[in-house]
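What the coordinates show
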Amino acid sequence: MTVRTVIRMGHPTLRRQAEPYPLELIGSDDFNELIEDMRETLDATGGIGLAAPQIDVGFRIAVIEIEQTATRYGEIEHTPFNVYINPEITVLEDEAAGYWEGCLSVPGMMGYVERPQHIRVDYIDRDGNPAALEAHGFLATVFQHEFDHLDGILYVDRIEDMSRFSYEEEFVQFHSG
Ligand code: NI
């Protein structure tokens, strides 16, 4: 198992539409290796989500894991490690809220993005079974951020007020109060 290199903004793979993952490959050695590598890479980087294109793999797969004590985002419900294959988002309520987002592919930066806060996610799980969940609040934002990567979209594309796009140090100094 390997910690993969996370590619950064400017790499063309981050701007491509990723391909649906072939379901017949779920459970294969290649699949298991990819998932374990994504898990190790996520752990090694301290991120909360990672999409396959971020390690230069052009498939529609993302992993998310939120530790309860995680990060700069404050108190967040613990979300165990999970794999989302070929996910589809349905917005259940349009009402949006904003969070400061960061991204392993845009290191050192943060930006304020508003997104719908009640969504449904339909996906294939790591055993190949269809699954669905609803997400609210910050978790809804995390799903939308990760799945945007599968469509070649970065959170920076969704910042409406560029005065709220900041280096992390300046975020702490000027925007986190
Ligand atoms: Ni990201």
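This text goes with the structure placed above it.
Positioned with a positive phi, aspartate 56 is a non-glycine residue whose angle comes to about 65 degrees. Relative to the helices and strands, aspartate 56 is located in the loop between β1 (49-51) and β2 (61-66). The backbone of asparagine 86 shows a phi angle near 50 degrees, a positive value even though the residue is not glycine. Turning to its location among the elements, asparagine 86 is positioned in strand β3 (residues 79-101).

Now for the pairing of strand β4 (residues 109-124). Among the 16 residues of β4, 12 are classified as buried, and the element is accordingly described as predominantly covered. Pairing geometry for β3 and β4, over 12 bridges, is antiparallel. By the bridge assignment, isoleucine 89 is partnered in β4 with valine 121. Of the strand pairs in this sheet, β4 and strand β6 (residues 165-167) are connected by three bridges, and their pairing is antiparallel. Bridge assignment links methionine 110 to a residue of β6, and that residue is serine 166. Bridge count between β4 and strand β5 (residues 130-136): seven bridges; the pairing is antiparallel. Counted as the bridge partner of histidine 118 is histidine 136 from β5.

With that out of the way, let us pick up the nonpolar core. Phe31, Met38, Leu50, Ile61, Val63, Val83 and Ile85 are the most contacted members of the largest nonpolar core, which has 18 residues in total. Looking at this core, the elements that each hand over two or more residues are α1 (29-45), β2 and β3. For this core, the leading source of residues is α1, giving five residues. Here valine 63 is in contact with Met38, Leu42, Ile48, Gly49, Leu50, Phe81, Asn82 and Val83, once residues within four sequence places are set aside. Ala18, Tyr84, Val142 and Phe143 belong to the second-largest nonpolar core, a separate cluster that totals 17 residues.

This part takes up a negative patch on the surface. Taken together, Glu93, Asp94, Glu95 and Glu134 make up a surface patch of like negative charges. With respect to the helices and strands, glutamate 95 occurs in strand β3. The class of glutamate 95 is exposed, set by a relative accessible area of 62%.

Analysis parameters
Residues numbered from 1 in each chain as written. Predicted model: local features only at pLDDT ≥ 70, side-chain atom pairs only at ≥ 80, totals over all residues. Heavy atoms only, no water. Helix = DSSP H or I, 4+ residues; strand = E, 2+ residues; numbered from the N terminus. Buried < 20%, exposed > 50% of the residue type's maximum accessible area, 1.4 Å probe, protein only. Pairing = 2+ DSSP bridges. Core = buried A, V, L, I, M, F, W, Y, C linked by side-chain atoms within 4.5 Å. Contact = heavy atoms within 4.5 Å. Patch = residues over 30% accessible without salt bridge, like charges linked within 9 Å, V, L, I, M, F, W, Y side chains within 5 Å. Areas by Shrake-Rupley, 256 points an atom, 1.4 Å probe, with all protein chains shown as cover. Salt bridge = Lys/Arg side-chain N within 4 Å of Asp/Glu carboxyl O. Lys, Arg positive; Asp, Glu negative; His and termini not counted. Charge placed at Lys NZ, Arg CZ, Asp CG, Glu CD.

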